[in-house]
Structures are given as C-alpha cells and as structure tokens.
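One letter stands for each residue in the lines below.
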Amino acid sequence: MARVSGRTSSRFDALDSTSCPYHDIHMSQRQSAKSILFLCVANSARSQMAEGLARSILGPSVRVQSAGSKPSRVNPYAVEVMREIGIDLTSHTSKSVDTIDASTIDMVITLCAEEVCPVFLGKVRRIHWPIADAASDDPSLTRDAFLTRFRTARDQIRARIEVLAALLDVPPGPQPSEFHASVRVNDLANSTRFYSWLLGAEPKEWTHRYSTFVHPSLRTNFVLVVSDGKELHHDTLYHLGVAVADKDAVIRTYHLARDAGIKVEKPPRTTWRGTPLHELWLADPDGTLVEVYARLTDDELAQKPANLEPAVLA
C-alpha cells in the first residue's frame, strides 16, 4: 500500500495528505460506464471542465453530462483554460441536477472539495473526486492567479479522467490469490522485529537475505505513485499502511509503539480533508513511513468541524 504525506498552507500548490482518497479504493470493483454525470454545486467550473475533458478523452462511446445543485453560469476562466488545450466550452450552459433523468445515468462523479455535494438519487456507481474550487470572491486575486488556479483544477481532473479511461477497457486478467510488496531495509533483524510487531505475526520464513511475512487476513490497499522527479510531497512520497478497527485502536497502537521504542512520526489525530481518518504515523527502522488508520463512524463524521483542522487524539 502507498499513501502520501505532506503539509502546506496552499491547497493548490500541494494539498494536505488527507486530501488523498486512497483509502476509498476498492480494487475488486471493475469500472464500467456508458453514461457519466459530473456534479458540483454551481455547474460553473469543475464539472464543466470535467464534462469537456471526459468527452474528449472517453470519446463517443460514453455519454457525458454535468450538472449542479445551484446552477449559475459557465465560468469564463474555465472556458479560457480549456481553450488552451483545444476544448471548446462556449456552447456549454449550467444545468440543474433536477433536470437529469436518473434512469439514464450509471456513474456519478462528484467534484466538491469543501462544499456539500449535490445529492443524486438513483442506483448508480458513485465516485468522489475532491477538487479544490478554483473560483473565489477574493478581490486580491489577479487574473494570472485565477488562471493558475483553474489550470491546476483542469489538470487534476484531466489526470483522473485519464485513469478512469484506462480502467474502462481493462481486459480479463488473472485471479490473484496474493499480493506481494517488498521494501529494502538496512538491518534485517531490526526490521523483522518491527514488522512482526506491526503485523502481529512472525515471518513465515527468513534467510540471511530476507524475511517473508504472509498474513492472509490482511486486506491489500495498493497505490501507484507517479515518479516525476518532483520534491517529495503528498503526490510523490510513498509509504505503507495498515487499517485498524477504530479510533481507540489507533490510540492503543500509539501507546504500544511508544512502549516498544518505535519511532512515532506524527501522534494520533483525526483528519478531515479528503477521506476523514483517525491516523497515526510511524517510521520503520529505515525511515519508511507507516500509517496506522481507522475510518470514522457515522456519528464521528457528524462532528466534522467547519475549519476542517486536524484534531489531536488523547
């Protein structure tokens, strides 16, 4: 598994690590879509760009629409940055989600990041891509700043649609019974002790060169991370991770780690941006980050603060 880490004050330069929805990935689900609906609030920028991009990338075999819960107008900056890549949005109009026939849709993709996303009734596949809103009422933002924000949103949406396009025609493959991942270590004995503690199991076998852990009850969550030579941040830093039952289990793991002399990279806290999680960050003997996390219950999700700031756990 990989999930990334990083902190910054700018949502557009480098998002918070909790903005990455990797914990929502279910690899057993095959993508299939003949009609896709992109939703945001105003149907002004993100969903309009997504509609144009999807039509260009997915081609005529997939029907693409967009709508919003409070439609307004197509943002001129969205039109401009899409024109830069050869996609014309001048004929687009903002539409209400109420005008969409639910029976004609089989996949809904919501793009809201910090707003309440529109509700779409119907038996459809639902995917959430939290893209920060490029539009703003901030009077200090210049034209160049707006263009940068809209290009960032455009490029993030385009990259996600390209992945979706790649998943729509995956040919039949093997039916694997096991997933293997390995990391390089400097001190085999010390690292074997760490992962035996983390996984709750001794290695199945070991030699002078390696230790092999086989734990059938653990589910795999695996992320491919682009290697683009950029500075390590939320999009490029790899790590490992294990899920535990709940918030108390995250806190308990923190105390167990301290008692065992395990390095705690970040103490337990609840994070809200992206996929809300109770999380704890550890480091193995070689400095590889290991995230111990638990998903929030419905009652816990209902306590989400307005400022979305992380809450330290006792």
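Residues numbered from 1 in each chain as written. Predicted model: local features only at pLDDT ≥ 70, side-chain atom pairs only at ≥ 80, totals over all residues. Heavy atoms only, no water.

Check the secondary structure of the protein and you find six helices and 11 strands. Relative to its 314 residues, the protein shows a buried fraction of 42%. Summarising the internal contacts of the protein: among those between residues at least 6 apart in sequence, 65% fall at separations of at least 24. When the accessible surface of the protein is split by element, carbon and sulfur atoms take 51% of a total near 17900 Å². (Helix = DSSP H or I, 4+ residues; strand = E, 2+ residues; numbered from the N terminus. Buried < 20%, exposed > 50% of the residue type's maximum accessible area, 1.4 Å probe, protein only. Contact = heavy atoms within 4.5 Å. Areas by Shrake-Rupley, 256 points an atom, 1.4 Å probe, with all protein chains shown as cover.)

Another aspect to go through is the pattern of salt bridges. Scanning the entire structure with this criterion turns up 11 salt bridges. A salt bridge links Glu84 to Arg154, with the shortest nitrogen-to-oxygen separation between them at 3.1 Å. One end of the pair, Glu84, is in the loop between α2 (76–83) and β3 (107–110); the other, Arg154, is in helix α3 (residues 143–167), and 70 residues separate them in sequence. Overall, the relative accessible area of 39% leaves Glu84 in the partly exposed class. By relative accessible area, Arg154 is classed as buried at 7%. Notably, a salt bridge pairs Lys263 with Glu265, separated by 3.8 Å at the nearest N-O pair. (Salt bridge = Lys/Arg side-chain N within 4 Å of Asp/Glu carboxyl O.)

With that settled, consider unusual backbone geometry. Unusually for a residue other than glycine, Asn43 sits at a positive phi of about 50 degrees. Examined against the element boundaries, Asn43 turns out to sit in the loop between β1 (35–40) and α1 (46–58). Look at Leu308: it is not a glycine, yet its phi comes out positive at around 60 degrees. With respect to the helices, strands and loops of the structure, Leu308 is situated in the loop between α6 (298–301) and β11 (311–312).

The next subject is a nonpolar patch on the surface. Residues Val163, Leu167 and Val170 make up a contiguous nonpolar surface patch of roughly 220 Å² in combined accessible area. Inspection of the secondary structure assignment puts Leu167 in helix α3. In this structure Leu167 comes out as partly exposed when scored by relative accessible area, which is 36%. (Patch = residues over 30% accessible without salt bridge, like charges linked within 9 Å, V, L, I, M, F, W, Y side chains within 5 Å.)

Bringing the environment of Leu58 into the picture now. If you trace the backbone, Leu58 turns up in helix α1. In this structure, the C-alpha to C-alpha distance between Leu58 and Ala166, residues 108 residues apart in sequence, is 9.4 Å.

What follows covers α1. An α-helical turn contains 3.6 residues, so a residue and the one three or four places further along point in the same direction. Helix length check: α1, at 13 residues, gives a terminal C-alpha distance of 17 Å against a target of 18 Å (1.5 Å per residue), a fit within 8%. α1 sits mainly inside the fold: 10 of its 13 residues count as buried. If you check which residues of α1 are buried, you get Arg46, Ser47, Gln48, Met49, Ala50, Glu51, Gly52, Leu53, Ala54 and Leu58. At its buried positions, α1 is contacted by β1, β2 (63–68), α2 and α3. (Expected span 1.5 Å × (residues − 1).)

Moving on to the pairing of β2. Buried residues dominate β2, accounting for five of its six residues. In terms of strand pairing, β1 meets β2 through six bridges, oriented parallel. Pairing of Leu37 across the sheet is with Gln65, part of β2. On the question of chirality, the crossover connecting β1 to the parallel β2 by way of α1 is right-handed. (Pairing = 2+ DSSP bridges. Right-handed = clockwise from strand over helix to strand, strands pointing away.)

Now for the sheet that holds strand β8 (residues 263–271). Two strands in a sheet stick together by hydrogen bonds in their backbones, pointing the same way (parallel) or opposite ways (antiparallel). Taken together, the five strands give an open sheet; going across it, the order is β7-β10-β9-β8-β11, and neighbouring strands pair in mixed fashion. Two strands close off the open sheet at either side, each with one partner strand: β7 (240–243) and β11. In this sheet, β11 lies alongside β8 in antiparallel orientation, the contact comprising two bridges. When the sheet's bridge partners are listed, Thr270 is paired in β11 with Ala311. Together, β7, β9 (277–283) and β10 (289–295) form the strand contacts of helix α4 (residues 188–199), whose direction differs from that of β10 by roughly 5 degrees. Seen against the sheet, helix α5 (residues 247–259) touches β8, β9 and β10 and runs at an angle of roughly 15 degrees to β9. (Axes fitted to C-alpha atoms, helices over the stretch in contact; angles between N-to-C directions.)

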